[in-house]
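What follows is each chain in one-letter form.
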Amino acid sequence: MLDCGVESEAGLASIRTGLATIGGNLTTLIGSHLHVDHVAAAGALIEETGARWVMHETTSDEIPRYNDWTLRATGLALAAGAHGAPTEFTEALLTDWERPPWYGIAVNPSDAVADDDRISLGGDRYLKVLYTPGHQINHICLVDSRTDLLFSGDHVLPRISPFVPYTGPESDHLGDYLASIDRIVRLETSRTHPAHGTEIERGSERAHQISLHHDRRLEDMIDHLTAGPDTAWHVMEKTFRPNLSFLQQRLAIQETLAHLEHLRRKGRLRLIGDPSNWQYERTGR
Ligand SMILES: [Zn+2]
């Protein structure tokens, strides 16, 4: 089984019904990445079935941030505040985060896998692991050795561009994401099963579209800084539509910072100011 959804009685009940319908036992549970809508029920399912639990080897590093929301909330509040977010936003981040019960408790994988590993499905059939960081540092895609089907998780989605996070200036998640997307483009694959939405007929072409979307967005952000240096928060307001909800702002400021930090690493922007009040400035390159 690949990804198992949130931890809820209804969700677990439907998984049990599904397993009974196909007359199978759950022996292998694979998580594409450590997001709530993919793996929250894993702990409960493993306990119930004894299945092996397969995720990328970097997953354990992310588990503390998954299980303790105050870690992420304070990190994002600090970063957003330093990049021009209003205090209502940062204060809401620190007070409005109630961890819902359907998040479950993330557990370490019993089988940690790396790029190019094979997850045996019995006989000579296996799933080949493609390490595709970006949407999350521990994201993997899988290729079925028998059918060449690509299971793309949240890395390639049919209707939206997957969210790219910001976790601090030491990481270039958009750079990672674009490199991982390029891998799917070069795979020249067709039938692709994403984690959300319906089958994608031409997976590599869809990956190429997403890559072009980010190229355009990067150039838009450079354009938004033509008049002079500005904060990431203002660039976000110019990039995304107005009246975003709190949740949307949370995603949009991270997505904006991921793009701006990528441009900084490319030498096209520099950070000016100080750690409590950063602005991005064009370098002219
Ligand atoms: Zn996700």
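Placed above this text is the structure.
J.: I'd like a description of the layout of surface pockets, backed by residues and values.
T.: There is about 1,000 Å³ of room inside the largest pocket. Looking at the largest pocket, it is lined by 41 residues, and the ones nearest its centre are His35, Arg72, Phe163, Pro165 and Gln254. Of all the secondary structure elements, the ones that give two or more residues to the lining of the largest pocket are helix H2 (36-39), helix H4 (59-67), helix H5 (69-82), helix H10 (246-265) and strand E10 (277-282). The element contributing the most residues to the lining of the largest pocket is H5, with six residues. Across the lining of the largest pocket, the residue classes break down as 22 nonpolar, twelve polar and seven charged.

J.: Could you give me a rundown of empty space enclosed by the protein, with the residues and numbers involved?
T.: In the structure shown here, the tally under the stated rule is two cavities of 30 Å³ or more. In this structure, the largest cavity spans a volume of roughly 50 Å³. Lining of the largest cavity is provided by Leu34, Val39, Ala40, Ala42, Gly43, Trp53, Tyr66, Tyr103, Ile105, Ala106 and Val107. Roughly 40 Å³ of volume is contained in the second largest cavity. Around the second largest cavity sit Pro165, Tyr166, Thr167, Gly168, Ser171, Asp172, His173, Ala258 and Glu261, which together line it. Of the residues contributing to the lining of the second largest cavity, the split by class is three nonpolar, four polar and two charged.

J.: Describe the environment of Val129, with residues and values.
T.: Structurally, Val129 is set in strand E5 (residues 126-131). Counting along the chain gives 74 residues from Val129 to Met55, while the straight-line C-alpha distance between them is 9.9 Å. With sequence-adjacent residues up to four places away left out, Val129 is seen in contact with Val113, Ala114, Asp115, Asp116, Asp117, Ile119, Ile140, Cys141 and Leu142.

J.: Residues and numbers for the coordination of the zinc ion, please.
T.: On the protein side, the zinc ion has His33 (NE2), His35 (ND1), His135 (NE2) and Asp154 (OD) as donor atoms, found 2.1 to 2.3 Å from it. Coordination at the zinc ion is irregular, judged from the four donor atoms that bind it and the angles of 91 to 172° they form at the metal. Read N to C, the donor residues that coordinate the zinc ion are spaced as H-x1-H-x99-H-x18-D. Of this pair, His33 sits in the loop between strand E1 (28-30) and H2 while His135 sits in the loop between E5 and strand E6 (140-144); the two residues are 102 residues apart in sequence, bridging distant segments of the chain. We classify His33 as buried; its relative accessible area is 0%. By relative accessible area, His135 is classed as buried at 6%.

Scoring rules and cut-offs
Residues numbered from 1 in each chain as written. Predicted model: local features only at pLDDT ≥ 70, side-chain atom pairs only at ≥ 80, totals over all residues. Heavy atoms only, no water. 1 Å grid on protein atoms, 1.4 Å probe; cavity = no way out; pocket = protein on both sides within 12 Å on 5 of 7 lines; lining within 4 Å. Points joined across faces, edges and corners; volume = space filled by probe spheres on them. Helix = DSSP H or I, 4+ residues; strand = E, 2+ residues; numbered from the N terminus. Nonpolar A, V, L, I, M, F, W, Y, C, P; charged D, E, K, R; others polar. Contact = heavy atoms within 4.5 Å. Donors = N, O, S within 2.8 Å, 3.2 Å for Na, K, Ca; no water. Tetrahedral: all angles 85-135°; square planar, octahedral: opposite > 155°, others 65-115°. Buried < 20%, exposed > 50% of the residue type's maximum accessible area, 1.4 Å probe, protein only.

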